[in-house]
Amino acid sequence: MISSSTAALLLARAHYPVTALGPGVRAGIWTQGCTIGCAGCLSRDTWDADAGSAVPVGAVLGWLASLPQPVDGVTISGGEPFEQPGALAELLHGITTWRGTNPVDILVYSGRVFSRLTRSAESREILKMCDAVVAGPYVDRLNAGAPLKGSANQQIVPLTALGHQRYDALVDGDGASGDLAARVQVSVDEGTEGRRVYYIGIPRRGDMAVLERAMTRAGVRAREVSWRP
């Protein structure tokens, strides 16, 4: 069932399959717009709240419903999803309706600490529809390559029985095993202006510099990258 909501979401990208941001085979949704601006952020291209990136929430849900199986989970990142609370709530409500009783977990990333997310009634209602959140700003010097976390200060918070089942192992320990180990996957889009390469996941500190050197040695030149101004 697809939501009939007319709410619009500023959308940076949607991708399937995602295997680097949560257990199993997942759908990934990245929102556009973030005012936090963490130093060292690898997704600076998602900071600008570009009105031209707005799409109906129903269209995002339609894309999700069109995906082949399996879909073990949906990961929502950004940007900062909680800066679009109305659209995020509509999206999560639609995902909850779409998954029904299937064990599809909803994992949401936020650059805000969890205690701040719980302060407003609006955010608390959103959290009720999440199975787990990864909360906290990215701190580059604390990037140790832990699964699902960009930096050690960030907090993985399971919120439902399904969330506890899938994420408890990562809360107190590093949980670096199986498909929860930190890694990055690559997606390539062919466009009219050339080839665009997307890196999905959470690289360790310094990994992107190593990648750039390897690309240079291979004769590949990037016109622009998302992790530099």
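For clarity, every value in this text was computed on a predicted model and none was experimentally measured.

Novice: Mind laying out the overall build of the protein, listing which residues take part and the relevant values?
Specialist: Of the regular secondary structure elements, the protein holds six helices and nine strands. A separation of at least 24 residues holds for 64% of the contacts in the protein among residues at least 6 apart in sequence. Split by element, the accessible area of the protein, about 11,600 Å² in all, is 52% carbon and sulfur.

Novice: Could you give me a rundown of the pattern of salt bridges, with the residues and numbers involved?
Specialist: Going through the model one piece at a time under the given rule, you end up with five salt bridges. Here R99 ties to D131 by a salt bridge, and the two come within 2.7 Å at their closest N and O atoms. One end of the pair, R99, is in helix α2 (residues 85-99); the other, D131, is in the loop between α4 (121-127) and β6 (132-135), and 32 residues separate them in sequence. Judged by its relative accessible area of 3%, D131 falls in the buried class. In this structure, D105 engages R166 in a salt bridge whose closest nitrogen and oxygen atoms are separated by 2.7 Å. Of this pair, D105 sits in strand β5 (residues 105-110) while R166 is found in helix α5 (residues 161-171), placing the two residues 61 residues apart along the sequence.

Novice: Could you give me a rundown of the pairing of β5, with the residues and numbers involved?
Specialist: Burial runs high along β5: six of the six residues are buried. Side chains D105, L107 and Y109 project from β5 onto one buried face, and the interleaved I106, V108 and S110 project onto a second face that is buried too. Two elements, strand β4 (residues 73-77) and β5, share four bridges in a ladder whose sense is parallel. By the bridge assignment for β5, T75 is matched with L107. Crossover connection from β4 via α2 to parallel β5: handedness right-handed.

Novice: Outline the environment of G94, supporting the account with residue identities and numerical values.
Specialist: As for its placement among the helices and strands, G94 is situated in helix α2. Taking the C-alpha atoms as reference points, G94 and V57, 37 residues apart in sequence, are found 8.5 Å from one another.

Novice: Provide a residue-level description of the packing of helix α1 (residues 57-65) against α2, including the pertinent values.
Specialist: Close contact between α1 and α2 brings their axes to 10 Å; oriented N to C, the two are set at 30°. On the basis of the axis angle, α1 is roughly parallel to α2. α1 and α2 meet at a crossing whose hand is right-handed. Of the residues in α2, those in contact with V57, V60, L61, L64 and A65 of α1 are A87, E90, L91, G94, I95 and W98.

Novice: Describe in detail α5, supporting the description with residues and values.
Specialist: Within α5, the full set of buried residues consists of L162, G163, R166, Y167 and L170. Projected down its long axis, α5 shows its buried positions confined to an angular sector of 95°, all on one face. Opposite its buried face, α5 presents the exposed residues A161, Q165 and A169, each directed more than 90 degrees away. In this structure, the buried residues of α5 make contact with β2 (26-31), β5, β6 and β7 (155-158).

Novice: For the nonpolar core, give the residues involved together with the corresponding values.
Specialist: Ranked by internal contacts, the top residues of the largest apolar core, which has 32 residues, are V74, I76, L91, L92 and I95. If you tally residues by element for this core, the top one is α2, at six residues. Setting aside its immediate chain neighbours within four residues, L92 contacts I76, I106, V108, I126, M129 and C130. Counting 13 residues, the second largest nonpolar core, distinct from the first, contains V18, W30, Y109 and I156.

Rules used in this analysis
- Residues numbered from 1 in each chain as written.
- Predicted model: local features only at pLDDT ≥ 70, side-chain atom pairs only at ≥ 80, totals over all residues.
- Heavy atoms only, no water.
- Helix = DSSP H or I, 4+ residues; strand = E, 2+ residues; numbered from the N terminus.
- Contact = heavy atoms within 4.5 Å.
- Areas by Shrake-Rupley, 256 points an atom, 1.4 Å probe, with all protein chains shown as cover.
- Salt bridge = Lys/Arg side-chain N within 4 Å of Asp/Glu carboxyl O.
- Buried < 20%, exposed > 50% of the residue type's maximum accessible area, 1.4 Å probe, protein only.
- Pairing = 2+ DSSP bridges.
- Right-handed = clockwise from strand over helix to strand, strands pointing away.
- Axes fitted to C-alpha atoms, helices over the stretch in contact; angles between N-to-C directions.
- Parallel < 35°, antiparallel > 145°, perpendicular 65-115°, else oblique.
- Left-handed = near helix turned anticlockwise from the far one by under 90°.
- Arc of directions from axis to C-beta.
- Core = buried A, V, L, I, M, F, W, Y, C linked by side-chain atoms within 4.5 Å.

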